[in-house]
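For reference, the chains in residue letters:
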Amino acid sequence: MNRNKLSADPLSLILGVLSLIIGLVGCCCYGVTAIVPLVMAIIGLVTANKSIRDFHNNPEAYDPQSLSNVNTAKILNIIAVILNGIIFLVAFAALIFYGTIISSAVLDGIRNGNYEEDDFHYEYESDSIEDWEEDDYIIESEVDSI
């Protein structure tokens, strides 16, 4: 008897593996790209669950090896959802934390009236060239125009 593959047999496996790889590589980018593999893993998990439900409704029509592949894909997608969810939450928390620090520093500067002043102050010991000693130098830089 000729048995068919489940509809999510190749798709959910590919989505599970890709979402794990992209999620782990996305850790190097501070979790900014974690939303893409999270969505891929959710799609893979939904299609795997739908295919398992189809197999249980009509087990004679589908190959048992295909069910084994879909179960493996389901496990991969569950791991990818958990991993990418954690990475996304950590990146989101870091974004909120650093955003709060930066915004509070800007607001403190505005409240204290330091928003119009430069942070750099240049002080010279003497204003005239005659007061310079031989060890004092003037450094000039020329920029060539293109």
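Cut-offs used in this document
Residues numbered from 1 in each chain as written. Predicted model: local features only at pLDDT ≥ 70, side-chain atom pairs only at ≥ 80, totals over all residues. Heavy atoms only, no water. Core = buried A, V, L, I, M, F, W, Y, C linked by side-chain atoms within 4.5 Å. Buried < 20%, exposed > 50% of the residue type's maximum accessible area, 1.4 Å probe, protein only. Helix = DSSP H or I, 4+ residues; strand = E, 2+ residues; numbered from the N terminus. Contact = heavy atoms within 4.5 Å. Salt bridge = Lys/Arg side-chain N within 4 Å of Asp/Glu carboxyl O. Expected span 1.5 Å × (residues − 1). Arc of directions from axis to C-beta. Patch = residues over 30% accessible without salt bridge, like charges linked within 9 Å, V, L, I, M, F, W, Y side chains within 5 Å. Areas by Shrake-Rupley, 256 points an atom, 1.4 Å probe, with all protein chains shown as cover.

Remarks on the nonpolar core
In this structure, Leu6, Ala48, Ile52, Phe55, Tyr62, Leu67 and Val70 together form the largest nonpolar core, which totals 7 residues. Listed by contribution, the elements that provide at least two residues to this core are α2 (35-57) and α3 (64-112). In contact with Ala48, not counting residues within four places along its chain, are Ala8, Ser12, Val70 and Lys74.

Digging into the pattern of salt bridges
For the structure shown, the criterion picks out 1 salt bridge. In this structure, Lys5 and Asp9 form a salt bridge, with 4.0 Å as the shortest nitrogen-oxygen distance. Judged by relative accessible area, Lys5 falls into the exposed class, the value being 58%. A relative accessible area of 4% means that Asp9 is categorised as buried.

So, helix α1 (residues 9-26)
Taking 1.5 Å of rise per residue, the 18 residues of α1 would be expected to cover 26 Å, and the 26 Å separating its terminal C-alpha atoms lies within 8% of that figure. Along α1, the residues that are buried comprise Asp9, Ser12, Leu15, Gly16, Ser19, Leu20, Gly23 and Gly26. When α1 is viewed along its axis, its buried side chains cluster within an angular range of 165° and face the same direction.

Focus on a nonpolar patch on the surface
A contiguous nonpolar patch, built from Ile35, Val36, Val39, Ile43, Phe88, Leu89, Phe92, Leu95 and Ile96 and spanning about 820 Å² of accessible area, is present on the exposed surface. Listed by contribution, the elements that provide at least two residues to the nonpolar patch are α2 and α3. Examining the composition of the nonpolar patch, we find that 5 residues originate from one element, α3, more than from any other. Here Ile35 lies in helix α2. Overall, the relative accessible area of 38% leaves Ile35 in the partly exposed class.

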